[in-house]
Amino acid sequence: MSESPAVFDVSTTPEVLKKQPFLYYFRQHKRTFVVGLVCLLLTNILDALPPLLIGMAIDQISGSEGFDKMGKTLGILVLVTVLLSLFRYMWRIFWGQFHHSVAADLRIRIFNRYTDLGPDFYSTNSVGQLMSLINNDVNSFRMAIGPGILILMDALFIICIVPPLMISISPSWTWKTLILIPLIPFVIRKLMSAIRNSYKNQQDKFGEMSGISQEIVAGIRVIKSYAQELNQTRLFNSYNKRYEDACNQVAKVDSLWSPIMELGVTTGSVILLFVGAPEVMSGAVTVGSFFAFYQYIQRMIWPMTAIGLGVNFIQKGRASFDRIVNLLDKEHNVPDTGTLSVDRFDSLEVKDLTFTYPNEDKPTLSNISFTLNRGETLGLVGPIGSGKSTIIELLCRQYPVEPGKIWLNGTSIENYKKSDLMNLFSVVPQDAFLFSKKVSENIAFGMDEWNMEDIYQITKAVNMNKEIQEIPGGYEAYLGEKGVNLSGGQKQRLTLARALIRKSEVVILDDSLSAVDAHTEKQILNQLKGQLSQNGEQKKTTAVIISHRLASLRWADKILVLKDGVVEAFDHHNQLLNNSPTYKNLFHLQTEV
Ligand SMILES: Nc1ncnc2c1ncn2[C@@H]1O[C@H](COP(=O)(O)OP(=O)(O)OP(=O)(O)O)[C@@H](O)[C@H]1O
Ligand SMILES: [Mg+2]
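A brief structural summary.

Cut-off values and rules
- Numbering of residues begins from 1 in every chain and follows the order in which that chain's sequence is written.
- Going through the entries in the order they are written, you letter the chains from A and number the ligands from 1.
- With pLDDT at 70 or above as the cut-off, local features in this predicted model cover only qualifying residues; side-chain atom pairs require 80 or more to be listed or tallied, and sums for whole chains, interfaces and linings still use all residues.
- Hydrogens and water are ignored here; the side-chain numbers use all heavy atoms of the structure.
- The cut-offs for exposure are 20% and 50% of the maximum accessible area for each residue type, with area from a 1.4 Å probe on protein chains only; residues under the lower value are buried, those over the upper are exposed, and the others partly exposed.
- The helix count covers DSSP runs of H or I at least four residues long, the strand count covers runs of E at least two residues long, and both are numbered beginning at the N terminus.
- Here the rule is simple: two strands pair whenever DSSP picks up at least two bridges between them.
- Cavities and pockets are defined on a 1 Å grid built over the protein atoms alone: a cavity is a set of grid points where a 1.4 Å probe fits but cannot escape, while a pocket is an open set with protein on both sides within 12 Å along at least five of seven lines, and lining residues are those with an atom within 4 Å of any such point.
- Grid points are joined across faces, edges and corners, and a volume is the space filled by probe spheres set on the points.
- For the domains described, the bounds stem from an automatic or database domain assignment.
- The contact rule is simple, with two residues in contact once any of their heavy atoms fall within 4.5 Å.
- Working convention: axes come from line fits to C-alpha atoms, limited for helices to the stretch in contact. Angles between N-to-C directions cover 0 to 180 degrees.

Topic: the pairing of strand β7 (residues 506-510)
In summary, the side chains of a regular strand alternate between the two faces of the sheet.
Stage number 1. The buried count for β7 comes to five of five residues, which makes it a mostly enclosed element.
Stage number 2. Where burial is concerned, the two faces of β7 agree: the one with V506, I508 and D510 and the one with V507 and L509 are both buried.
Stage number 3. Looking at chain direction, strand β6 (residues 425-428) and β7 are connected through four bridges and run parallel. Within β7, the position partnered with V427 by the bridge is I508.
Stage number 4. Of the pairings in the sheet, the one linking β7 to strand β8 (residues 542-546) comprises five bridges and is parallel in character. Each bridged residue has a counterpart across the sheet, and for I508 the counterpart in β8 is V544.

Topic: the layout of surface pockets
Stage number 1. Looking at the largest pocket, its volume works out to about 2100 Å³.
Stage number 2. Lining of the largest pocket is provided by 42 residues; of these, P119, E393, Q398, M422 and P429 occupy positions nearest its centre.
Stage number 3. Going through the elements one at a time, α5 (66-116), α6 (119-122), α15 (388-395), α16 (418-424), β6 and α20 (488-500) are the ones with two or more residues in the lining of the largest pocket.
Stage number 4. Residues from two domains meet in the lining of the largest pocket; each of domain 1 (15-195 + 252-328) and domain 2 (347-591) gives at least three.

So, the sheet that holds strand β1 (residues 347-355)
Whenever strands of a sheet pair, they do so through backbone hydrogen bonds, lying parallel or antiparallel.
Stage number 1. Read across the open sheet, the four strands follow the order β2-β1-β4-β5; overall the sheet is antiparallel. Whereas interior strands pair on both sides, the edge strands pair on one side only; in this sheet they are β2 (365-373) and β5 (411-412).
Stage number 2. For strand β4 (residues 406-408) and β5, the ladder comprises two bridges, and the chain directions are antiparallel. Across the sheet, the residue bridging to L408 is T411, located in β5.
Stage number 3. Where α15 meets the sheet, its contacts fall on β1, β2 and β4, and the angle it forms with β2 comes to roughly 65 degrees.

Section: the sheet that holds β7
Stage number 1. Strand order across the open sheet formed by six strands is β6-β7-β8-β3-β9-β10, with mixed pairing between neighbours. The outermost strands of the open sheet, each flanked by one partner alone, are β6 and β10 (566-571). Taken pair by pair, the neighbouring strands of this sheet meet at an average axis angle of 15 degrees, ignoring direction.
Stage number 2. In the sheet, strand β3 (residues 377-381) pairs with β8 via four bridges, with the strands oriented parallel. Note on β8: the bridge partner recorded for L380 is I546.
Stage number 3. Across the face of the sheet, helix α23 (residues 581-591) comes into contact with β3, β9 (558-563) and β10 while running at roughly 100 degrees to β9.

Here's what the structure looks like:
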């Protein structure tokens, strides 16, 4: 197994990171940042020397000083060039390290939120949008804090170094050629907000397009079986077009930078020819100085463009960072504030529980009360949408519940640590989900220690051992994208095996056998029943079983019948046939041939 890097504490986001991300990361990576900056400064200083040295060499050949002096000047030029390459290489290395570690830090923070947030978050954000945030937005912020800041610092250094050298040649040429410089902050201010808004819009549109493409690819079988390829392509194209329009909008604002900046500098070169040529011809200034000055004006093109580029990167990065902070600020709708530990199940008592989903008007569950004691099996039945899965969601603390409504071992459930509760309950959800891993790894998912014997035992219990052995590769076969595909019933039984192998105190099956035939379901439940009562201690494991097949729940100790979110009855099978009209109807419907 490959070793994963240590995950540092990212469960909380420091306020300074949210408010001043640049400052936060500069402080975090002080050494790399400062060394990179010093190398950049040295690069800029060295880079300013060649025009001066070449100018000197020109004057030395054209003057009386001869080739000897020029040889020395050229020697210095070679040395400067070598050092320049060295420092240029070094700042690239240090800055690369800096912005890539910033991106890694942000990704793990986002990922931590993804793993922490609850079902209400996932029901309002598509997978595509979430992928776009962790990839595109993080990358855009990286470009801002890395290349963006670097370009600005580079421009700043050049602006501090080159104009003084120009002044040393001719103060009057300097102010005449750089006359347009003060206009730059004005242009920047104008373009900055336009870039930020258009880029935010572009990222939003990208997220929407990713969302829809992800959904279409995931649902491709349904789309094909309903012959909806053309309609879905049209739908995708409408998102594609909106993204294209947003990109064009960004390009329109983006493209203004270079022409505006270059116009300023080219004007400077033309002015130099006008004001400088007569002075050179009159002999007041040497050809070498004129050459050096001209080169310096050219050098000023980059900082002018760089300011634009840097500001552009930073605006895009800030827009992305706003989206990232929006996520980092999100909390699970049920905070994990419990402090009590629990590793044994004795009793569960639900008292007069009423629950309304967020953003819904009517309660989904009303005045629900029932009890479950250690070793008992509780059946949960009721028509579609009657609230069975919702009860499980609330037991697992996926949505907030008023204190004093659900009691575990005599203590209100919010007092327990969430992780302990999750270890106490093994839930097999309604939708079977398997990872693109080996069969054995899927079954042992989340277990620290396991061996193949445990796996064989559990796959026998869910009636799947033989079927797995018949798959090419058996327990070592990969599932999903790169591997074998399983039938719906096989997937269900593997997810059941995954829950049972944990030997949790309470097993909860949410309609987990709906895709297996009645005979297999009976066999599995018999095995489960056997497991529940083995090892001397009567009915060691406790179970909650939701099923639409009433026959398979006959043996349950108690059955809760739900109808429209209300308990219609809570009794044994035989009594329910008399006192629950819903149960009676369902049972007769299912036993009629
Ligand atoms: N996240 C949600 N937000 C709003 N309403 C929801 C949400 N999840 C479920 N519901 C609604 O709550 C009601 C109960 O749903 P629940 O999934 O608990 O039913 P169920 O008894 O498990 O049904 P089934 O037998 O089909 O699995 C339904 O009307 C459903 O539309
Ligand atoms: Mg359900």
